[in-house]
Amino acid sequence: MSAEVDELKRRLAELEDKNQRLEKINQALMHRVEAGPENSDGAYDNFKHSVYLAEQVRERTEALNEAMHSLKSTNVELVRANAAATNAHDLLRQAIESISDAFVLYDADRKLVLANSRFNQFWQCSGIEISPGMEQQQIHKLSQHYRLIDRYYGEAVSTGYGALPGDGKVFHMRSGAWVHVSERPTRDGGLVVLYKDISALIENERALRERALATKSRTLQNTLDNLSQGVVLVNQAQHLETWNHRFAELTGLSKAVLESGFSFSGMMQLTEVDDLNPLSKDGQGRPCLQLEQVLSDGRVLEIRTHPMPDGEFVNTYTDITERSRAVRALAESEQRIRVITDTVPALIGYVDKNLSIMFSNRAYETWYGYEREDILGRRMEEIIQPEQMRRLRPYIERALSGRSVNFEITDPAPDGEIRHVVKNYVPEIDSQGEVQGFYVLIQDITEIRRTSEALTQAYQHLEQRVEDRTKELTELNGQLLQEIEERVQMEHRLRDAKQEAEKANHSKTKFLAAASHDLLQPMNAARLFCASLMEHNLDERTRQLVFSLNYSLEDVESLLAALVDISKLDAGVVKPDITAFSAGDLLGNLANEYRTLAADSGLAFEFVATSAVILTDSQLLARILRNFLTNSVRYTREGKISLGCRRRPQGLEIQVWDSGVGIAEDKLEEIFLEFNRGSQKDTARDKGLGLGLAIVDKMSGILGHPIKVQSRLGFGSCFSVLVPYGRRQLSRKATTPGLALLGNQQFRGRRALVIDNEASICQAMAVLLSGWGFEVITARSYEELLVQQPELDAGIDLILADYHLDNGVTGLDVVRQMRTDLGLDAPVLMITANYTNVLKQEVRELGYRLMNKPVRPAKLKAMIHHMIHQAIVV
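Because the structure is a prediction, the values reported are computed rather than measured. (Residues numbered from 1 in each chain as written. Predicted model: local features only at pLDDT ≥ 70, side-chain atom pairs only at ≥ 80, totals over all residues. Heavy atoms only, no water.)

### Here we look at the side chain of T316
Point 1. Turning to its location among the elements, T316 is positioned in strand β11 (residues 313–319).
Point 2. Non-local contacts of T316, meaning those with residues more than four positions away in its chain, are made with Q229, G230, V231, E302, I303, R304 and H306. (Helix = DSSP H or I, 4+ residues; strand = E, 2+ residues; numbered from the N terminus. Contact = heavy atoms within 4.5 Å.)

Take a look at the structure:
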């Protein structure tokens, strides 16, 4: 718009100048006409000339009028343009005022023409007054005079805080602000300058950079802490710059010491780890940047130092204990292999795919006349003669193709002798199927070949001799065949005799195991009668006889039970019935049973209860513990017996302690042998066969429970068995008082039913139970029970049934019929000499109790009390 105004002004000036010239010409012409002609002759000419001039004046006047009209139009346009220019100037000023940056416009002479308020405020804050017309250089000098700029970064120069927007110059002001200055020239030679405050951008870039550095620092520290190596960075001042946890762990330095500010050398003096740094020297004065150190605890550390250009260095610490052991083991293994292969007369070697010899034994080295260090690593062409190598080449190529090669060839020895050898090339193939080399095995068969040739020659001379000796050998062979036949017959007879002996022994064992019921029945009846007599009021002499009879029956029962047990164990008919149950219940019953026995012998009995649950066969475990307790009562003259247990990581160790005579240390293993009773002097109290601990040993072997014995001669013994822990659901328990609290009439008013096919057993059981207060009903079969049905209508509190009845009927069958037909429902105790797991499981599933023969009155009394008490609780 400014250019158009200038052009209009120029045209207006030209038109005004032209109009003034035309007016002067017109005035001259008019003056000349008015003055008239100087002579008449030229009047007409003058008239013509005046007409001509008038025409020209008219034309010029019209042109002048047109110019004046154009000038008026131009003036109108000029006024409009001036108004538009003023409006545009105002809009431009508003526009530059609205931008957020400082704006300034210089003309071609670099004088300030226009600036916005932000530019003026920038300099006013610095104490400098800016006015239009000031030169740009003057403003720069003022900024230098007042030292407003701290640093100038030039064009397209990074400030270190990221890339700047666009191009231009960057200034860091002393006030802390950052200013980006960009310049643009105008078409008339002027200059437009923008000042942009980029402090926020710089601060944002700085914050981003600092956060990035912090993130990188944390990442680097986490990386260091997760390295398997110990790492430490030492700065120029020989102080720790950074370290990881592994370094503290390997050196044993605490965090407080590491952060104490000690020098690296001073800090390493606090530990046994060597102070390795770039200036360290080895024993020969050479630079040492790596070493291996064996610590006092056996660990092996590999220490490396890495110098850095600025005087800092980084040390790494690697625990190579396992690798060192592996290397040592490999070295030892290699040495063993080397020793073995060096003693083998065959030539052994290994050649890689480049035909370099990587392994050789002593025979291989001797054959080719080289020392080990001279042959290893060299190529086969350097060791083997060219002609021989040419002959071996096809076999080598086949081995390198992955095929095993076996061939016979002649090979010159170091002394020049031609030897016959058999060579085997076995390829080594890696997991990718590529051949990495091949193993070489060479056997010298020269002597074999010579022997073969000699034999071939001798064969021709021996044919006749062979014919002569064939007859002799035939006769000798016949004698040998006869002798072999006799030996074969003898072996058959011995084998038959052994089988018969084993069969007889097995038959004996099976007989004893199977006959246990018939053997124990009369003994069981005798014990029950004797126990009944002992509970009657007898005179002193009769009581002594009864007690003697009871002791004799106990001894016979123990001997018979031991024989039956050892026979069953030998016959393999005893199978464990593994269940989980409370050890406290079993130990409590045993304590009740043996507390009275111990008191009768004048011994104190101590029992420590437990709540542990164990997993085993309760019957077999009870037999083991009863043997321990019986031996303790038998061999303890005074003092006490203790029953308890200790919790071990492997299981529950149940212990029986006594203050008895003890066992010599050299006899601890013999006591578990069959028929071994030790060196007990008091044989009057020891009437056994020496089978108890032998049975215990066999039972513990079946259960897999280790037995442990501790003893000191004259001070006592401790027998223990280790039982694994078990798990079971909690159930309500009924406590059973000790037998010492049970009187002879504590079952008064109770009614018991006894079922046994032996009349003597029924009679003995009736006498015993009646002495305890029971009203007893006996029956030998279900039919006999039906006859006494009226007596059963009053109810039954306890059923004691023998398992084996007549005609294949069992006690379980009779009890089942009773409950079905007669409606009798009472606690059931099944008494049997059958130790099979099948019966145990069946009785357990029915909810009955099981007791093995021979029946001990004390144990029976405790069991009955427990069953009745539990029935009351339920």
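### Observations regarding the sheet that holds strand β16 (residues 435–444)
Point 1. If you walk across this open sheet you meet the five strands as β13-β12-β16-β15-β14, and the pairing is antiparallel. Strands at the two margins of the open sheet, each flanked by one partner only, are β13 (357–360) and β14 (405–412). For this sheet, the mean angle separating the axes of adjacent strands, direction not counted, is 25°.
Point 2. Of the pairings in the sheet, the one linking β14 to strand β15 (residues 418–429) comprises eight bridges and is antiparallel in character. In the sheet register, I409 faces β15, and the bridge partner there is V421.
Point 3. Here helix α13 (residues 386–400) sits on the sheet and contacts β14, β15 and β16; the angle it forms with β14, its principal contact strand, is near 165°. (Pairing = 2+ DSSP bridges. Axes fitted to C-alpha atoms, helices over the stretch in contact; angles between N-to-C directions.)

### As for the confidence of the model for the protein chain
Point 1. Per-residue pLDDT for the protein chain averages 78, and the proportion of residues at 70 or more is 82%.
Point 2. Every residue in residues 679–685 is under pLDDT 50, and counting partners more than four places away or in other chains gives eleven contacts.
Point 3. The model gives residues 730–743 a pLDDT under 50, and that stretch makes 29 contacts with residues more than four places away or in other chains. (pLDDT = per-residue confidence, 0-100.)

### So, the nonpolar core
Point 1. Ranked by size, the top nonpolar core spans 38 residues in total, and within it L621, L625, L643 and I654 carry the most contacts.
Point 2. Contributing elements (two or more residues each) for this core: α17 (583–600), α18 (618–635), β20 (640–648), β21 (651–658), α19 (692–703) and β23 (716–723).
Point 3. Every residue in contact with I654, bar those within four places of it in the chain, is listed here: L587, L621, L625, L643, G644, C645, F719, S720, V721 and V723. (Core = buried A, V, L, I, M, F, W, Y, C linked by side-chain atoms within 4.5 Å. Buried < 20%, exposed > 50% of the residue type's maximum accessible area, 1.4 Å probe, protein only.)

### Digging into the sheet that holds strand β9 (residues 290–294)
Point 1. Strand order in the open sheet formed by five strands is β8-β7-β11-β10-β9, and the pairing between neighbours is antiparallel. The strands lining the two open edges of the sheet, one partner per strand, are β8 (240–243) and β9. Between one strand and the next, the sheet's axes are offset by a mean angle of 20°, whatever the strand orientation.
Point 2. As paired elements, strand β10 (residues 300–307) and β11 share seven bridges and run antiparallel to each other. Of the residues in β11, the one forming a bridge with H306 is V314.

### Looking at the packing of α17 against α18
Point 1. Viewed as axis vectors pointing N to C, α17 and α18 meet at an angle of 30°, and their least axial separation amounts to 11 Å. By the angle class used here, α17 and α18 are roughly parallel. Helix-helix and strand crossings are classified by hand; for α17 and α18 the assignment is right-handed. Between α17 and α18, the residues in contact are L586, L587, L590, E593, Y594 and L597 and S618, L621, A622, L625, R626, L629, T630 and V633, respectively.
Point 2. Across the contact of α17 with α18, the residue classes break down as ten nonpolar, two polar and two charged. (Parallel < 35°, antiparallel > 145°, perpendicular 65-115°, else oblique. Left-handed = near helix turned anticlockwise from the far one by under 90°. Nonpolar A, V, L, I, M, F, W, Y, C, P; charged D, E, K, R; others polar.)

### Some details on helix α20 (residues 759–771)
Point 1. When the terminal C-alpha atoms of α20 are compared, their 18 Å separation across 13 residues agrees well with the 18 Å that a helix rising 1.5 Å per residue should span.
Point 2. At the C-terminal side of α20, G773 shows a positive phi close to 105°. (Expected span 1.5 Å × (residues − 1).)

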